[in-house]
Every structure is written in structure tokens, then in C-alpha cells.
Amino acid sequence: MSEKVLVLGLSKSGISAAKFLRKKGYEVYLTESKPDVDTEKVSELKELGINVEYGGHSEKYVSGSSFAVTSPGIPPKSEIIRKLYEKNIPVISEIELAYKNTKTPFITITGTNGKTTTTALVSHILSRKYKAPCCGNIGVPPTSLIDEYNDYLVCEISSYQAAMTKDFKPLISCWTNFT
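Residues numbered from 1 in each chain as written. Predicted model: local features only at pLDDT ≥ 70, side-chain atom pairs only at ≥ 80, totals over all residues. Heavy atoms only, no water.

Draft legend 1. Quick peek at the packing of aromatic side chains. For the structure on display, the rule yields six aromatic pairs. Ring centres of Y26 and F67 lie 5.9 Å apart, and the angle between their planes is 85°; this geometry places the pair in the edge-to-face category. A residue pair is termed long-range when its members are at least 10 positions apart, and Y26 in the loop between α1 (12–23) and β2 (27–32) and F67 in strand β4 (residues 67–70) qualify at 41 residues. By relative accessible area, Y26 is classed as partly exposed at 22%. Given a relative accessible area of 16%, F67 falls into the buried group. Taking 5.1 Å as the distance between ring centres and 80° as the angle between the ring planes, the aromatic pair formed by Y99 and F168 counts as edge-to-face. With Y99 in helix α5 (residues 94–100) and F168 in the loop between α7 (159–163) and β9 (172–176), this residue pair connects regions lying 69 residues apart in the sequence. Taking relative accessible area as the criterion, F168 reaches 11% and is therefore assigned buried. A connected cluster of aromatic rings, assembled from ring pairs, spans Y99, F106 and F168. The ring of Y29 carries K4 above its face, with NZ or CZ at 4.4 Å from the centroid. (Phe/Tyr/Trp six-rings, centres within 6.5 Å; stacked < 30°, edge-to-face > 60°. Helix = DSSP H or I, 4+ residues; strand = E, 2+ residues; numbered from the N terminus. Buried < 20%, exposed > 50% of the residue type's maximum accessible area, 1.4 Å probe, protein only. Lys NZ or Arg CZ within 6 Å of the ring centre and 35° of its normal.)

Below, the structure is given as C-alpha cells:
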């Protein structure tokens, strides 16, 4: 039997993380708190062998997980994150998952204002000489890019994502606060 992993959130990053983990051979359980979801996405994930629930986080999905991967919109102090910590289940961000599974260096942009613009600008400048796509909160999950060749991953990260990393070490990190 393969290792059970919990993925939190039926967002782009949650779906990307679930697909990546399933492809790596994990038994993936994706859980979403919202009751209204895109049923086509759910069907696609189930066809790939990914277990999906929505409308809450059941004990069946949480129990026995080796670790959990959280989506960027889930606050670190949310009820589900507290529940996972109480059960001693490690929680990482989707960005940390990507980082642990690639040798491609990350350039990260975080901060209060100007993250998306700065991320796009850095990617544009680097892309004149290197393969350096934008990812993260800008709309492309980094786990969707790690199986292809890139010189750099230029990643917009939220404070929630940064808080859910342990080993993540970007090559360069930039804080923006434009007003």
C-alpha cells in the first residue's frame, strides 16, 4: 500500500499538487471545505485515482496522512491546520512540495503591494536569456512546472505560503511594498 497524503483545497495549486503526488505513487486525498465545487474537476481527479471530498474535512481523509499540502488561500491558523498539528501531521505549502522535488532554483517575490507586477517583470527580464516562467500566486502552480526544464522559477508567494515552509530556500527573495 502506498503512502497517504492529504491535499487541502480544490484550487489550481491543490489540483496540481494532487496530480503531481498521484503521479509519484502516493495515495492522495484531496479535501475542500466549500460545498459548491466544479464537478468536472472532481470527476477528472477521481479518474486519476485521487480521492476527493468537499463540504468539509472528514476524519477519514485526515487520519493516517503522512503529511499534508496546503493551498495558498488557507490561513495557517485555520481550523483544519490546527487539527493537523494536533494529530502531528506535518503541513507544507504547495511551493515547499515543488521545491523539494526539483533542482530548479526559485526566485521569490512576496510583500504587501506589487508582487504580481514584480514577478511578471523579473520573469520577463530573465526570459530574454533563460527559461524563467512565473508561478505561484500569479496563477501557475509551481508543481505544474517541475517536470519540465526551467533555468529558474520566478514565484510570487503569499505570507500564508511562506508561513507553511520549513526547508524552502529560494536563490533570491524579494519583498515588495509599492504604494
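Here the narrative resumes, following the displayed structure.
Draft legend 2. Structural view of the side chain of N150. When you line up the elements, N150 lands in the loop between β7 (134–136) and β8 (153–156). Taking relative accessible area as the criterion, N150 reaches 3% and is therefore assigned buried. Among the polar contacts listed, one links the side chain of N150 to the backbone oxygen of L145, at a separation of 3.4 Å. When sequence neighbours within four positions are dropped, the list of residues in contact with N150 reads T104, K131, P133 and L145. (Polar contact = N/O pair within 3.5 Å; in protein donor to acceptor, adjacent residues only side chain to side chain. Contact = heavy atoms within 4.5 Å.)

Draft legend 3. Looking closely at helix α4 (residues 79–86). For α4, the full list of buried residues reads I80, I81 and L84. The buried residues of α4 occupy an angular sector of 100° when projected down its axis, which confines them to one face. Turned more than 90 degrees away from the buried face of α4, the exposed residues are E79 and E86. Following α4 by one or two positions, N88 has its phi on the positive side, about 60°. (Arc of directions from axis to C-beta.)

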